[in-house]
Amino acid sequence: MFEERLTELKEKLLLQASQVEEMVSKSIKALLERDESIITEILERDEIRVNEREVEIEDLALTILARYQPEASYLRTIMAVIKINNDLERIGDHAVNIAEHAMYLLPRPMVKPLIDLPRMAEIAGVMLKESLDAFSQGDENLAIRVCRKDEVVDGLYDQIVRELLTYMIGDPSTIERALKLILVARDLERIADLATNIAEESVYTVTGDIIRHHRSDK
Amino acid sequence: MVKDKITIINLNFWYGKKLVLKNINFSIPAKMITAIMGPSGCGKSTLLRCLNRMNDLIDGARLTGKVIIDGQDIYARSVDVYELRKKVGMVFQKPNPFPKSIFENVAYGLKIHGLRDKNMLYTKVEQALRDAHLYDEVKERLHGPALELSGGQQQRLCIARAIAVKPDILLFDEPCASLDPIATAKIEKLLEVLKKDYTIVIVTHNLQQAARVADYTAFLMLGELVEFGPTDRIFKSPRDQRTENYLTGRIG
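Residues numbered from 1 in each chain as written. Chains lettered and ligands numbered in written order. Predicted model: local features only at pLDDT ≥ 70, side-chain atom pairs only at ≥ 80, totals over all residues.

1. Thoughts on the overall build of chain B
For chain B, the count of helices and strands is 10 helices and 10 strands. For chain B, the proportion of its 252 residues judged to be buried stands at 40%. (Helix = DSSP H or I, 4+ residues; strand = E, 2+ residues; numbered from the N terminus. Buried ≥ 20, exposed ≤ 12 C-beta atoms within 10 Å, placed from the backbone.)

2. Section: the pairing of strand 3 (residues 33-37) of chain B
Residues and elements named next belong to chain B. Among the five residues that make up strand 3, five are buried, leaving the element largely enclosed by the rest of the structure. Burial along strand 3 is two-sided: the residues Ile33, Ala35 and Met37 and Thr34 and Ile36 are all buried. Of the strand pairs in this sheet, strand 3 and strand 8 (residues 199-204) are connected by five bridges, and their pairing is parallel. Paired with Ile36 across the strands is Val203, a residue of strand 8. (Pairing = 2+ DSSP bridges.)

3. Examining the sheet that holds strand 1 (residues 4-15) of chain B
Residue and element names in this part refer to chain B. Here we have four strands laid out as an open sheet, ordered 2-1-4-5, and antiparallel in their pairing. Of all strands in the sheet, those bounded by a partner on one side alone are strand 2 (18-29) and strand 5 (72-73). By the bridge criterion, eight bridges tie strand 1 to strand 4 (residues 61-69) in an arrangement that is antiparallel. In the sheet register, Trp14 faces strand 4, and the bridge partner there is Arg62.

4. A short note on the UniProt feature "domain: PhoU" (unreviewed entry) in chain A
UniProt's entry tags residues 17-101 and 117-201 of chain A with the feature "domain: PhoU" (unreviewed entry), counted in the numbering of this structure. As annotated, residues 17-101 of chain A comprises 94% helix and 0% strand, and the C-alpha atoms at either end are separated by 23 Å. (UniProt positions renumbered as here; feature names shortened; annotations may be inferred.)

5. Description of the packing of helix 1 (residues 2-33) of chain A against helix 3 (residues 72-105) of chain A
Residues and elements named next belong to chain A. Axis separation between helix 1 and helix 3 bottoms out at 9 Å; the angle between their running directions is 20°. When the axis of helix 1 is compared with that of helix 3, the two are roughly parallel. Helix 1 and helix 3 meet at a crossing whose hand is left-handed. Judged by residue contacts, Leu6, Leu9, Leu13, Gln16, Ala17, Val20, Met23, Val24, Ser27, Ile28, Ala30 and Leu31 of helix 1 engage Tyr74, Val81, Ile84, Asn85, Leu88, Ile91, Gly92, Ala95, Ile98, Ala99, Ala102 and Leu105 from helix 3. Residues belonging to the contact of helix 1 with helix 3 are distributed by class as follows: 20 nonpolar, four polar and no charged. (Axes fitted to C-alpha atoms, helices over the stretch in contact; angles between N-to-C directions. Parallel < 35°, antiparallel > 145°, perpendicular 65-115°, else oblique. Left-handed = near helix turned anticlockwise from the far one by under 90°. Contact = placed C-beta atoms within 7 Å. Nonpolar A, V, L, I, M, F, W, Y, C, P; charged D, E, K, R; others polar.)

6. As for the pairing of strand 7 (residues 169-173) of chain B
On any regular strand, side chains alternate: one points to one face of the sheet, the next to the other face. All names here are of chain B. Counted residue by residue, strand 7 has five buried out of five residues, so it is predominantly covered. Both faces of strand 7 are covered, namely the face carrying Ile169, Leu171 and Asp173 and the face carrying Leu170 and Phe172. Pairing of strand 6 (residues 88-91) with strand 7, which is carried by four bridges, proceeds in the parallel orientation. Looking across to strand 7, one finds that Gly89 is bridged to Leu170.

7. Quick notes on the sheet that holds strand 7 of chain B
Residue and element names in this part refer to chain B. Strand order in the open sheet made by the six strands is 6-7-8-3-9-10, with mixed pairing throughout. At either margin of the open sheet sits one strand with a lone partner, and together these are strand 6 and strand 10 (224-230). Averaged over neighbouring strand pairs, the angle between their axes works out to 15° when direction is ignored. Each of strand 6 and strand 7 touches helix 6 (residues 151-164); the most contacted strand, strand 6, lies at about 170° to it.

Below, the structure written as structure tokens:
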């Protein structure tokens, strides 16, 4: 009974992860391809499903804790599921933010061709996917590699901000649009951070070691 | 949709002048495990014994209200108690095999219900032992004495004895109270399998056991039914403060 429910819990979490992952890539796609129908889908369908599933996962995790009092690695797994569940919901929120910024940018001319932003989105997406793989396969090394990729994303973010600043200084009429793009970059940077959290939770699940808060050691 | 197997209506029960069950009302769902939990002396065993009229034998015991199984009040005059107990089997706290062979223990109920054919008898005994997850451990010594089995095996033998006559309902009164954790885990696993075929009611003072095995849980205190509902809900967010206090160890 316990094992079945734990499996159900993990499956729900992975389903949530794949939906959130898809939301992130769709939000960037909407921006790049200037496609309003994708935005509508994110705002009117995906977000609602993700929120509903978040509540379901939390409820099931609590039920398992209340009824089976898991110990050791089982306890760590459920603890991690609760935290990852939270992280995933936040990632979903960031995807929604990106979709909303895209909504503003859609009818307006592009400030510049988007190159670094899609790269950032791609890396953040891979991080998210790999962090969940690390969790579901109990792969500590993969989790640590995910944490390292966060630095690449942070670097791209700084670069995007610098570049857009020059556009804003050169032509103040671009300020509003450029700011929106910075906000999109900011959302992607936060998504990568949350993927890093998930990777850290995976390490905790596997080894019982807490590796967050001292990243320079890695 | 959950189908009810047993419905308890306005049940009051006295030992002499002492009222031990106070106006109990609830329904026990079919083919599920329902746990009755509560502090010592709350009346949980008495309530369980009301479900197959085991209290009839006690001097000064008196009952009002109804216990309806499959649409019939088991306290109606027309009810044959032996037929009732064939339909509602029971397993007790302390394993109580007869001082006979393993085979005879299981065959006993079948024989008193008139089964004489040797082959049939053997087939049914084997099946009951298999269903009770005991057969493989005892197949070499079916005619050896039951009392030489371990406590956990004796308890599974009692379960085999109870299910041999194909009841609809199985009542368990603290079935693991005298067993170690491994034997307990085996019984709990067995309950999980048995519920596909039987409606199971289990009395336990062990909270964790109720949490682990039961689909529905009734919480009894001082003869009163405080709360009844799905185990998930009872253990996660009980509605009555007394249940909350019991679960968090403040009473009991």
